[in-house]
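If you want the building blocks of each chain, they are given just below.
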Amino acid sequence: MTAEDLKRYSVRVGEGSGCFFQPMTNEYTYILTAKHLFSALQNGAEIDIFRHLKNEDGWSEELIPFTLELG
């Protein structure tokens, strides 16, 4: 696996980063990231998550909208 292959599975989460995680079932896809990215946020906070997409000109980012639900 190359660095470009790995970039397809990484995401930018607010001021940090994370990666996609696919468990044994295809029902859900998870993003693994650090808990401290959310420690100062309130319930209902909007968090910008960007996934990397390879295109003809290089890389672009696609927004994955996310609302924080504590608990």
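Parameters and conventions
Residues numbered from 1 in each chain as written. Predicted model: local features only at pLDDT ≥ 70, side-chain atom pairs only at ≥ 80, totals over all residues. Heavy atoms only, no water. Helix = DSSP H or I, 4+ residues; strand = E, 2+ residues; numbered from the N terminus. Buried < 20%, exposed > 50% of the residue type's maximum accessible area, 1.4 Å probe, protein only. Contact = heavy atoms within 4.5 Å. Areas by Shrake-Rupley, 256 points an atom, 1.4 Å probe, with all protein chains shown as cover. Phe/Tyr/Trp six-rings, centres within 6.5 Å; stacked < 30°, edge-to-face > 60°. Pairing = 2+ DSSP bridges. Axes fitted to C-alpha atoms, helices over the stretch in contact; angles between N-to-C directions. Patch = residues over 30% accessible without salt bridge, like charges linked within 9 Å, V, L, I, M, F, W, Y side chains within 5 Å. Salt bridge = Lys/Arg side-chain N within 4 Å of Asp/Glu carboxyl O.

K.L.:
Could you give me a rundown of the overall build of the chain, with the residues and numbers involved?
P.N.:
Scanning the chain from N- to C-terminus turns up 1 helix and 5 strands. With the C-alpha coordinates aligned to their principal axes, the bounding extent of the chain is approximately 40 × 30 × 20 Å. Among the 71 residues that make up the chain, the fraction classed as buried is 15%. Sequence-distant contacts in the chain: of pairs separated by 6 or more residues, those separated by 24 or more amount to 35%. Here the chain displays about 5,700 Å² of accessible surface, and carbon together with sulfur accounts for 53% of that area.

K.L.:
Can you break down the packing of aromatic side chains residue by residue, with the values?
P.N.:
Enumeration over the complete set of coordinates arrives at 1 aromatic pair. Where Y28 meets Y30, the ring centres are 6.3 Å apart and the plane angle is 45°; that geometry is what we call tilted. Accessibility expressed as a relative area gives 47% for Y28, which makes it partly exposed. The partly exposed category is assigned to Y30, whose relative accessible area is 42%.

K.L.:
So, the sheet that holds strand β4 (residues 46-55): which residues are in play, and what are the values?
P.N.:
Ordered by their spatial adjacency, 5 strands build an open sheet running β3-β2-β1-β4-β5, and the pairing between neighbours is antiparallel. The open sheet is flanked by β3 (30-33) and β5 (58-67), the only strands paired with a single partner. Across the sheet, the mean angle separating the axes of adjacent strands is 35° when strand polarity is ignored. One ladder, built from 10 bridges, connects β4 with β5; its direction is antiparallel. Its bridge partner lying in β5, I49 is registered against I64.

K.L.:
Account for a nonpolar patch on the surface, with residues named and values stated.
P.N.:
The grouping of F21, Y28, Y30 and L32 at the surface amounts to a nonpolar patch, some 420 Å² of accessible area in total. Tracing the backbone through its elements, the reader meets Y30 in strand β3.

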